[in-house]
Amino acid sequence: VQLQASGGGLAQAGGSLRLSCTSSGRTLSRYDVGWFRQAPGKEREFVAASRWNGGNTFYADSVKGRFTISRDNAKATVYLQMNSLKPEDTAVYYCAADSRVILTQYTNAAVYDFWGQGTLVTVSS
């Protein structure tokens, strides 16, 4: 599975962006998908995740209520809608996928086998 993350860019604080994660090869509809981010000088951190059927979603506390992960399996695309953006949301955002992630491991980057190249999100104050 080759993943492509897109939709990053420059936004003002309080603004919105929508990231997309698509795949070439096998369809994303059969994979659990997570979004992670990495700010300069910081470790990669979990942002949000969705089970393959969209039945369960998970969020980091720092984005809960502001970000929404969703998926359109017909289009084999997973989205991350980011609202009320803050300067601290500035990071490279990565989507990751795995065929089945254990329910308690969604925040663990190490369990995801496939990663996209990342898309840069910059939020200005």
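Data block above holds the structure.
Residues numbered from 1 in each chain as written. Predicted model: local features only at pLDDT ≥ 70, side-chain atom pairs only at ≥ 80, totals over all residues. Heavy atoms only, no water.

Caption draft 1: Main features of the pairing of strand β7 (residues 67-72). Alternating positions in β7 separate cleanly, Phe-67, Ile-69 and Arg-71 being buried on one face and Thr-68, Ser-70 and Asp-72 remaining unburied on the opposite face. Relative to strand β8 (residues 77-82), β7 runs antiparallel, the two sharing six bridges. If you follow Arg-71 over to β8, its bridge partner there is Val-78. Connecting the antiparallel pair β7 and β8 is a turn made up of four residues, with Ala-76 showing a positive phi of about 50°. (Buried < 20%, exposed > 50% of the residue type's maximum accessible area, 1.4 Å probe, protein only. Helix = DSSP H or I, 4+ residues; strand = E, 2+ residues; numbered from the N terminus. Pairing = 2+ DSSP bridges.)

Caption draft 2: Molecular detail of the state of the cysteines. Scanning all chains against the criterion turns up one disulfide. Between the sulfur atoms of Cys-21 and its disulfide partner Cys-95 the distance amounts to 2.2 Å. One quick way to see it: the torsion about the S-S bond of Cys-21 and Cys-95 is about 70°, and its sign makes the bridge right-handed. With a gap of 74 residues between them, Cys-21 in strand β3 (residues 17-24) and Cys-95 in strand β9 (residues 91-98) connect regions that are remote in the sequence. The class for Cys-95 is buried, based on a relative accessible area of 0%. (Disulfide = S-S within 2.5 Å.)

Caption draft 3: Up close: the nonpolar core. By size, the foremost hydrophobic cluster in this structure holds 34 residues, and its most contacted members are Leu-28, Trp-35, Val-47, Phe-67, Leu-80, Met-82 and Tyr-93. Elements with a minimum of two residues in this core: β1 (2-6), β3, β4 (32-38), β5 (45-50), β7, β8, β9 and β11 (119-124). Broken down by element, this core gets its largest block of residues, five residues, from β9. Those residues in contact with Met-82 that sit more than four places away from it in its chain are Gly-15, Ser-16, Leu-17, Leu-19, Arg-66, Phe-67, Tyr-93 and Val-121. (Core = buried A, V, L, I, M, F, W, Y, C linked by side-chain atoms within 4.5 Å. Contact = heavy atoms within 4.5 Å.)

Limitation: the analysis is restricted to geometry and does not speak to function.
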